[in-house]
Structures are given as structure tokens and as C-alpha cells.
Amino acid sequence: MTGKSRGYSCMGQLSFCLLLSACGWWCNPASSAKPKGQGHPHMNSIRIDGDITLGGLFPVHGRGSEGKACGELKKEKGIHRLEAMLFALDRINNDPDLLPNITLGARVLDTCSRDTHALEQSLTFVQALIEKDSTEVRCINGGPPIITKPERVVGVIGASGSSVSIMVANILRLFKIPQISYASTAPDLSDNSRYDFFSRVVPSDTYQAQAMVDIVKALKWNYVSTLASEGSYGESGVEAFIQKCREDAFSSVGHSCPFACLLGACLLLHLVLLLACSPPASGGVCVAQSVKIPREPKLGEFDKIIRRLLETSHARAVIIFANEDDIRRVLEAAKRANQTGHFIWMGSDSWGSKISPVLHQEEVAEGSVTILPKRVSVKGFDRYFTSRTLDNNRRNIWFAEFWEENFHCKLSRHALKKGSNIKKCTNRERIGQDSSYEQEGKVQFVIDAVYAMGHALHNMHKNLCPGKVGLCPKMDPVDGMELLKYIRSVNFSGIAGTPVTFNENGDAPGRYDIYQYQIRNSTPEYKVIGQWSDHLHLNIESMHWPGGGNRLPSSICSLPCKPGERKKLVKGIPCCWHCERCDGYQYQLDEFHCKMCRFSERPNENHTSCVPIPIVKLEWSSPWAVVPVFIAIMGIIATLFVVVTFVRYNDTPIVKASGRELSYVLLTGIFLCYATTFLMIAEPDLGTCSLRRIFLGLGMSVSYAALLTKTNRIYRIFEQGKKSVSAPRFISPASQLVITFSLISLQLVGVCIWFIVDPSHSIIDYEDQRTTNPHFARGILKCDISDLSLICLLGYSMLLMVTCTVYAIKTRGVPETFNEAKPIGFTMYTTCIVWLAFIPIFFGTSQSAEKMYIQTTTLTISVSLSASVSLGMLYMPKVYIILFHPEQNVPKRKRSLKAVVTAATMSNKFSQKGSFRPNGEAKSELCENLETQALATKQTYVSYSNHAI
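Residues numbered from 1 in each chain as written. Predicted model: local features only at pLDDT ≥ 70, side-chain atom pairs only at ≥ 80, totals over all residues. Heavy atoms only, no water.

- Going by the annotation in an unreviewed UniProt entry, the name recorded for the protein chain is G-protein coupled receptors family 3 profile domain-containing protein, with Alligator mississippiensis given as the source organism.
- You can read under Sequence similarities (unreviewed entry) in the UniProt record for the protein chain the words "Belongs to the G-protein coupled receptor 3 family." (UniProt positions renumbered as here; feature names shortened; annotations may be inferred.)

### Notes on the confidence of the model for the protein chain
Alright, step 1. The pLDDT averaged across the protein chain works out to 81; a share of 81% of its residues lies at or above 70.
Alright, step 2. Low pLDDT (under 50) marks residues 253-282, which in the prediction has 44 contacts with non-local residues, meaning those over four places away or in another chain.
Alright, step 3. In the predicted structure, residues 908-949 sits below a pLDDT of 50 and forms 100 contacts with residues beyond four places in sequence or in another chain. (pLDDT = per-residue confidence, 0-100. Contact = heavy atoms within 4.5 Å.)

### Quick word on the sheet that holds strand β5 (residues 104-110)
Alright, step 1. Pairing in this open sheet of six strands is mixed, and the strands run β1-β5-β2-β6-β7-β8 from one edge to the other. Looking along the sheet, the strands with just one partner apiece sit at the ends: β1 (45-48) and β8 (198-200). Neighbour-to-neighbour, the strand axes of the sheet open up by a mean angle of 20 degrees, direction not taken into account.
Alright, step 2. With four bridges connecting them, strand β2 (residues 52-58) and strand β6 (residues 153-157) associate as parallel partners. By the bridge assignment, G56 is partnered in β6 with I157.
Alright, step 3. Sitting on the sheet, helix α15 (residues 443-464) is in contact with β2, β5, β6 and β7 (179-181), with an inclination near 155 degrees to β6.
Alright, step 4. Taken strand by strand, helix α16 (residues 480-488) contacts β6, β7 and β8, and its axis lies near 25 degrees from that of β8. (Pairing = 2+ DSSP bridges. Helix = DSSP H or I, 4+ residues; strand = E, 2+ residues; numbered from the N terminus. Axes fitted to C-alpha atoms, helices over the stretch in contact; angles between N-to-C directions.)

### Notes on helix α3 (residues 75-93)
Alright, step 1. Over its 19 residues, α3 runs 26 Å from end to end, which matches the ideal 27 Å to within 8%, given 1.5 Å per residue.
Alright, step 2. Here α3 lies mainly inside the structure; 14 of its 19 residues are buried. (Expected span 1.5 Å × (residues − 1). Buried < 20%, exposed > 50% of the residue type's maximum accessible area, 1.4 Å probe, protein only.)

### So, the UniProt feature "transmembrane region" (unreviewed entry) in the protein chain
Alright, step 1. Under the UniProt annotation, the feature "transmembrane region" (unreviewed entry) is placed at residues 624-650, 662-682, 694-715, 788-809, 821-843 and 863-885.
Alright, step 2. Taken end to end, residues 662-682 has its terminal C-alpha atoms 31 Å apart, with 95% of it in helix and 0% in strand.

### A look at unusual backbone geometry
Alright, step 1. For the peptide bond that leads from G158 to A159, omega is 0 degrees, which places it in the cis range.
Alright, step 2. Along the polypeptide, A159 turns up in the loop between β6 and α5 (162-172).
Alright, step 3. Across the junction of D476 and P477, the peptide omega takes the value 5 degrees, indicating a cis bond.
Alright, step 4. As for its placement among the helices and strands, P477 is situated in the loop between α15 and α16.
Alright, step 5. Positive phi is not limited to glycine here, since S522 has a value of about 65 degrees.
Alright, step 6. On the secondary structure map, S522 appears in the loop between β18 (512-520) and β19 (523-533).
Alright, step 7. Although it is not a glycine, H607 adopts a positive phi angle of roughly 60 degrees.

### Considering helix α17 (residues 623-648)
Alright, step 1. Taking 1.5 Å per residue, 26 residues should reach 38 Å; α17 reaches 37 Å between its end C-alpha atoms and fits that length.
Alright, step 2. When we look at burial in α17, the residues that qualify are A625, P628, V629, A632, G635, I636, T639, V642, T645 and F646.
Alright, step 3. Buried residues along α17 sit against α18 (653-657), α19 (660-681), α24 (851-874) and α25 (876-884).

### Describing the pairing of strand β4 (residues 70-73)
In the case of a regular strand, side chains alternate between the two sheet surfaces.
Alright, step 1. Bridging between strand β3 (residues 61-63) and β4 involves two bridges; their strand directions are antiparallel. When the sheet's bridge partners are listed, H61 is paired in β4 with L73.
Alright, step 2. Counted between consecutive antiparallel strands, the loop separating β3 from β4 contains six residues, among which E66 sits at a positive phi close to 55 degrees.

### Observations regarding a positive patch on the surface
Alright, step 1. On the surface, a cluster of positive charge is made up of K298, K304, R307 and R308.
Alright, step 2. Summarising the element assignment, R307 is placed in helix α10 (residues 301-309).
Alright, step 3. Of the residues examined, R307 reaches a relative accessible area of 54% and is grouped as exposed. (Patch = residues over 30% accessible without salt bridge, like charges linked within 9 Å, V, L, I, M, F, W, Y side chains within 5 Å. Areas by Shrake-Rupley, 256 points an atom, 1.4 Å probe, with all protein chains shown as cover. Salt bridge = Lys/Arg side-chain N within 4 Å of Asp/Glu carboxyl O. Lys, Arg positive; Asp, Glu negative; His and termini not counted. Charge placed at Lys NZ, Arg CZ, Asp CG, Glu CD.)

### Side note on the state of the cysteines
Alright, step 1. A full pass over the atoms with the stated rule returns nine disulfides.
Alright, step 2. In this model C557 forms its disulfide with C576; the gap between the sulfur atoms is 1.7 Å. Disulfide C557 to C576: torsion about the S-S bond roughly 110 degrees, handedness right-handed. Residue C557 is found in the loop between β20 (535-538) and β21 (565-570), and its partner C576 is found in strand β22 (residues 573-581); the two are separated by 19 residues along the sequence. (Disulfide = S-S within 2.5 Å.)

### Regarding the side chain of R375
Alright, step 1. Mapped onto the secondary structure, R375 falls in the loop between β13 (369-373) and α13 (379-386).
Alright, step 2. There is no salt bridge for the buried R375, and the closest opposite charge comes from E438, which lies 5.1 Å off by N-O distance.
Alright, step 3. Within polar-contact distance, the side chain of R375 engages the side chain of S353 at 2.9 Å. (Polar contact = N/O pair within 3.5 Å; in protein donor to acceptor, adjacent residues only side chain to side chain.)

### Digging into the pattern of salt bridges
Alright, step 1. The full count for this structure, using the stated rule, is 28 salt bridges.
Alright, step 2. The closest approach of N and O atoms between K617 and E619, which form a salt bridge, is 3.3 Å.
Alright, step 3. Several salt bridges share partner residues, and in doing so they unite R47, D49, R107 and E151 into one network.

### Observations regarding the sheet that holds β20
Alright, step 1. Ordered by their spatial adjacency, eight strands build an open sheet running β10-β9-β11-β12-β13-β18-β19-β20, and the pairing between neighbours is mixed. Looking at strand neighbours, the two that pair on one side only are β10 (286-293) and β20, the edges of this open sheet. Between one strand axis and the next, the sheet turns through 25 degrees on average, direction left out of account.
Alright, step 2. In this sheet, β20 lies alongside β19 in antiparallel orientation, the contact comprising four bridges. Among the inter-strand pairings, S533 is bridged to a residue of β20, identified as H535.
Alright, step 3. Packed onto the sheet, α10 meets β9 (223-229), β10, β11 (317-321) and β12 (344-347) and runs at close to 170 degrees relative to β10.

### Some details on a nonpolar patch on the surface
Alright, step 1. Taken together, the side chains of F630, I633, M634 and I637 define a hydrophobic patch exposed on the protein surface, amounting to about 390 Å² of accessible area.
Alright, step 2. Mapping I633 onto the fold places it in helix α17.
Alright, step 3. Here I633 falls in the partly exposed class, since its relative accessible area comes to 37%.

### Observations regarding the nonpolar core
Alright, step 1. Ranked by internal contacts, the top residues of the largest apolar core, which has 65 residues, are M85 and L457.
Alright, step 2. Among the elements that make up this core, the one with the highest residue count is α15 (twelve residues).
Alright, step 3. Each residue touching M85, except ones within four places of it in the same chain, is listed here: L54, G55, G56, F58, A106, V108, I157, V446 and V450.
Alright, step 4. By size, the runner-up hydrophobic cluster in this structure holds 53 residues, among which are L743, L793, Y796 and L874. (Core = buried A, V, L, I, M, F, W, Y, C linked by side-chain atoms within 4.5 Å.)

### Some remarks on the environment of S190
Alright, step 1. Within the secondary structure, S190 sits in the loop between β7 and β8.
Alright, step 2. The class of S190 is buried, set by a relative accessible area of 16%.
Alright, step 3. Spatially, the C-alpha atoms of S190 and R200 are 9.4 Å apart, while their sequence positions differ by ten residues.
Alright, step 4. In this structure S190 touches R200, S204, N505 and D507, once residues within four positions along its chain are discounted.

In C-alpha cells, the structure reads:
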């Protein structure tokens, strides 16, 4: 149904009611007589004659109780505002430049702060627009009614409460009567499709809600409750506050991920925020709960509201969109609950800077932050109002009631009660002298609303009636639709000097003053602490909180997480969270997420970022290095001492008999074993790692290849002696060197293949010392030699060692005179024991935090011990004889090869008669020089004393 058709239907329904009402009024002759230009009572209304009549709606009285329509008188919110309209009408009517020769009249009604009562009263404004059929109507005495045409209301100033304005606007739009409100701020009234004839000189609560959100964020609150009076003003105000929180959440997400939004990610996040909570996180602003005050609260209802607010005790800040009566009763309930100082109230413009809501509740209201459209006290109105008396203000039918209430007196003697302290009014009382007076906050806007209507009519008259004095036919009657266009286009400087304009929805721009209710030196007052006009300007230093402190009170659900902790949101409450430590190798990526550091990094002490893991290596000064180095140095000194001794006594029988060539090879291997210690401890790099690959196994290979060649030679000689008298092949020194170097070359070939397949390089191993506590994590600088590679590297040397040990066991029965076989045997047995102990120590510590130190030290000491065993058992006795018993270093008798064969045969026979001669006791002698048929030009010396073969 269109608005027009709805209007016709509504008019048909209202016609009969209005006609009956009119008959009741107009059949009373007394009511028709009225003085010209003076206000007088008319259906609880003020009527002022004029060429053009404006309607007025004011909450002169509060809401009634116990079935009564109206309650107590409202001095500031009712009388002050009503007088402001009368003051503005007087100024316009006396202004020669504004509506010259046109007088504005008024019809002012009392809404009693109730929307239903206001609807009944506002029907007065549309009486002149309804066609009445009075043929069936008769007066009480049976005569026809005397019908006087009611004045036509062209526009309405009001109402105050948003719920009242909404109710009235639905009627006025049907009759195309423009309406300008001076106090209604509900966002619903900005809907131009529903309230197209409604305008207002105060900003919408949409601006107010944004200002309140900005204040909450500035005070670093993130968890608040809302409290609203049932009705359009309270409910839509809270809804606007929540909506602004959501919009802020969306804008903050949009700024944080512009590229993601292109892909739709932010849109999805917006939807999640919209559905997750009420409202979503907006820089930390959430609503703990929204409480509604019933329109007709029952006994104890406000105590119940306080108990409910205490259910979320962390939400100390309470956003209030309520009328002043509800605010006062909420404060009273908080005081009864002994919650003075707990709640921090933030009131909307309905609280503003009014005294009545906080009267006798100063302590519980202390610290409250309120907001009020920016206003200036109108000095002219102060002079006007304070000059009002019962004599000069008879047009205001409620002024006498105000006079009694303001001065606590009674005008009638019959109203005085015996024993009461109430006096009789003398009419000599003066406002501001015999009573307190402070201009009500909306006075400026009432005057601006009247002036906006006046300027619109003035501009309309100039365009429709150019050059005409008074009203012309085009403005008689005034077209409401045409007047609305002129209202929306006005632009003038208001009574306070601020511009008065309207946007396409009839809203005024948002400009607010921010107040705090403070008690200083036992004196309560509202103090301006900031302004809002698109942006917030708040002086936090000037704020004063309960208890006399300047420290901001908290209203947060959860304390901020410490550095290195992430927020784990409580389901459904985005501003409540638990703090979880980013443990292990995680660091705090953002306030909601932890992330693992890269493998080469660890978190810093507070887990807010990653730092490189310290790199460690075996230092020369470490105890793990000092012991192996000391053993290696002593071994090298001993080896060099033996070499020097052998070189010095190179031609003596003992040196010759030990096999000089293989001895020097063996000593070289021993030296390399000791030298390997320095390579293992040196800082790993390309050169060091390459030398480790080469010499770690080479020293042992050289040593064991020489020993294997020696034991193999002894074994072959005696095995050959059991079978024939001919000497075995490849027993000459040259042959022995060839065999030794052939064995060594296999080690070198394997290392070369390794270099080709996997070139040597140093690495940083972060796995070995990646401890549970990242503080102790270390990266180990080492060569790329794994445990398996090390086994392969030493495996060939171990094979030579085991083979040599086998030959040593086989030659254990060699006669005592041929005693070099036994030292070799003891050497190999000891070496095997050393390496058998090495294996469990080396591989058993692979999980230890000290793995690098233990394994390196174990390996170097094992290699050094192997070399020391060989050096000590094979060469130290010879050095001892050379240096301290030179008399034993003499040549023995020489025999022919035949003697050697005979000795070998006899040894074989003796070995079969072990019961007569123990093993190894045969005193066989071999010549030191044997003429061999194969090598005619070369002599072979076979000693039978020291190191026989």
C-alpha cells in the first residue's frame, strides 16, 4: 500500500473520532472565547494566534504511573524547552527581516514523555485537514454544534524522545506536515523512505555511536556492556553502537589485507566477524551483554539489571542509551548494591549534562562520561527566562505549576497542609535569585528548529509571493511537500553561531561536546573533556576517576598477553582470550599465531623473533681437545725420537735386523696417526675436511699394512720351511715395500672415489644439539663425514688390523729366538682391545648433547693409543738396547740357506713332539746372510737373535 492510500484510509478512520472530540470542545461556549494573541489553555495545550501556526511537542511532564497519563513536571527538559520555542517565536515575530508582516502562531502540546499519549495529542495538528460530516452530530442540549474551523498547523517542532517522534512522524507524514525535532537522535529516523517529512537539528545517534566507540577505544577499553531503555531511542542507539563496532572491525581488516581482499579473503573474514560475536573485535571493542530496561519496569527490575551487569564484572564500562528517569533509577540500584566506583557509566545525549539523573547519586555517578551535541548557552534566553513571572507569562499554562515546583511554594491557600514546611507563593520570587537556574542543554536546538522553520517559510514566501505583503493565495494553505523542500535547503547561522543545515535524510551534521561528571573538593560538576567532529579530541589528562585518581580504570575481558604469547580466543567472545606461550622453537608471528623458526634459528628470550643459533666447534682450549693434543704431541716427539735414533744408528745390526725399510714406513704411519689429532680439532673448512678424509684412515692403513706385511712374511717363511728347503717368494725388502704400498694404495683409491662421488665440504649440523630447550641449541660446525662414512673410512684399516691379528695368532708358535712375531702379536691384541672399547663409546654417545666433543676425543685418543702401542712395543725396546746396551747390538754367526732349511725342518719336527720340547723353545739358528739363487747379486740377512725374520 502506498503512503498516499494509507493516508486516505487513516483519515477515514480518524474522522469520526476527531469529529466527536471537536464537538465536545466546540459545544462549550467558554472555550471559544479567547484573548487575541494571548496563550491560554486548550485541551492541555498552549495556543498562540498567528498567520501561520506551528505545532510544538514537549515533555512538560514525565511518564505517569498507576494508570495516569502524566507524572511529575519536568522543569528543564519540559519548561525550559517549551519557553525556548516561545522565545524564538517572539524573536521571529519582532524581526523585520524575517517573515515581515507575517506572524507565527503556535499550538504547543504536552507529550508526557509517552509515545501513545503524544499520538493522541498530535491528532490536534491534523484536525483542519480532515473533512467533517456533522449532520449526525448533536450537542448535549440537542442543538446543532457550533463548529469553528481549527487553525491549520503547517509544521511541527518536536518531539523530544525518539520513540515519540517516530510515533508522531507516522501520522504527520500522512498529512504531509513537516516536522523538525530538537532532541530525537534515533538512527531509525534517518530512513527517508519511512520518515520523509522528518528533519532534525541534532545529529543522528549514528554519529553519537561513532563518537562513543572512539571514546571507548581512546580509553583503551575493549569489553563493555550496553544498557538501553525499551523503545526506538534506546534500542536503536545501542544497535548503532554495535554496528559502528562492526564497521570499525571491517575497516581494520580491510586495511590489514588489501591484497587478500582482492581474492575475497577479507570478505570471508568480515562474515566470520559478523557471525562470531556481538560485536566483533574492533581494535579490541566488544559488547559483553546488552541489557534492556522495560518500558514499564516492575518492582526490583533495576536491582535485577545491576545483578545481570555484574555477571560480566570485567565489563566495568556501561554504555547507556536511556531516558533520564531510567538513568536515575539505575544509579540508585547500583548504590543499593554497594557498587559505587565499580561501574564506569558512559551516557548518551539523553544524559548529557543534566542534573536530574545524578541528583543525590553523585558518588555512584562520579567519573561518568557523557556526550551532548555541541551547544552554546544562549544568553538572550537566560535574560528572557529569568525575567518570567506569573504576571508576564500567562500564555504558558504550565508555568504556575513550574513556579510552585521551582520555589517550593503553593499558590492556593487550600493546597497548603497543616504542619508542612511549604509556604505560600508571593509572586515576588525571581528565577535565578530565589532558586538555582542553569539553561537546559537542548534550548539552543529548540530555537534553531523554530528558526529553521521560519527561514524555510521566509524563503518559500519570497519565491511564491514576490512583492506581496502577508500571505498570498499560493501559501494559503501552505503546501507541506513544498515546505519540506525549503526546509531541507536552508542554510543559516544558528542562535549560537553554528551553521544549521540538513542532509538528504534531514539530519544535521555531528558535533559533540564530551563531558565527565567529576567531584573535586566535594563539589560535583560536569566538565568538558573533549570534542568530536568526525574525529575525537579527548583530553585524558583532565579526566578524574572515582577515588580521586587520574589512572584510567580498566574495562577489559582479558589482560594483554606478554611478549611471546599468542591469544587463544574464547569461543564466541572475540575480546576474551587465554594467553598461550609460544614454546619450543616457535616465535610470536602476530597476536594470534606462533610460527616455527627456521631450522638454523631459535627464538629469542621472549619468543618475539628468531635469532641465529650459535655455531660451536671444538676449541683448542677445550679440555676435550687439550688431552688428545697432549697425547699427540708426546707421541710425535717419541716418534721423531725413534726416527732420529734409527737414522743415527741406521747401519747397526738391530736396525738392520728390524727391516729398516718397513720400519720407516711403519714409523711414518705412526706419525700420521698422531698428526690426525690436529686435523680433527682444527676448524672445519674445505682444506681441513679434505685432509681429514685422506689422513684419518691413511695413517692407520700405513701402520697396519706394514705390520701385516711383516707378519705375513714370518708366516710364509715358517710355513714354507715345513714343506721344502726353498725360500718363499717376495720376502726381499723391495718385495715387502711393494706389497705394503699396494695395500696402502687401496685406501687411497677408495678416498679418491669418495672425493669424486661426494666432494668434501664443511657443514653446520643443527640436529645434533637441537635440544628441547632452544636456549641450549647449538649448531655444530663439522665436516661432512657421517658415522657411516667414518665406518667406511676406517673399515679398511680395521680389516688390515684384523688380518694382521689373525697372522699374529698363527705365528704365535714361532720359536722364542724369532721374537719379533710376539711383540707384533701383543701389539695387535692391545689394538683390538682399544678399538673394541672405542666402538661402544663412539656410537653409544650419538644422542648425547656432548656428542661432538666425546666422539672427537674418543676417536683421536683411540688412534693415538693404537699408534702408541705400536711405537711402545715394537720400537722402544730396540731404542733402549741401542742407547743403553750397545754391547747387545752386535752381528751373529751366518749360515747358509741349507742351514735355514734344516732349521725349519727341525722346527717342524720338534713341533710334533711338544711333550719333549715346549712350543717356541727350539734353538734354531738362521744365517744372517743367505745366498739365494734367485738373487745372485744380493745378500739376504736373516737374523736369529732379535726380530728373527
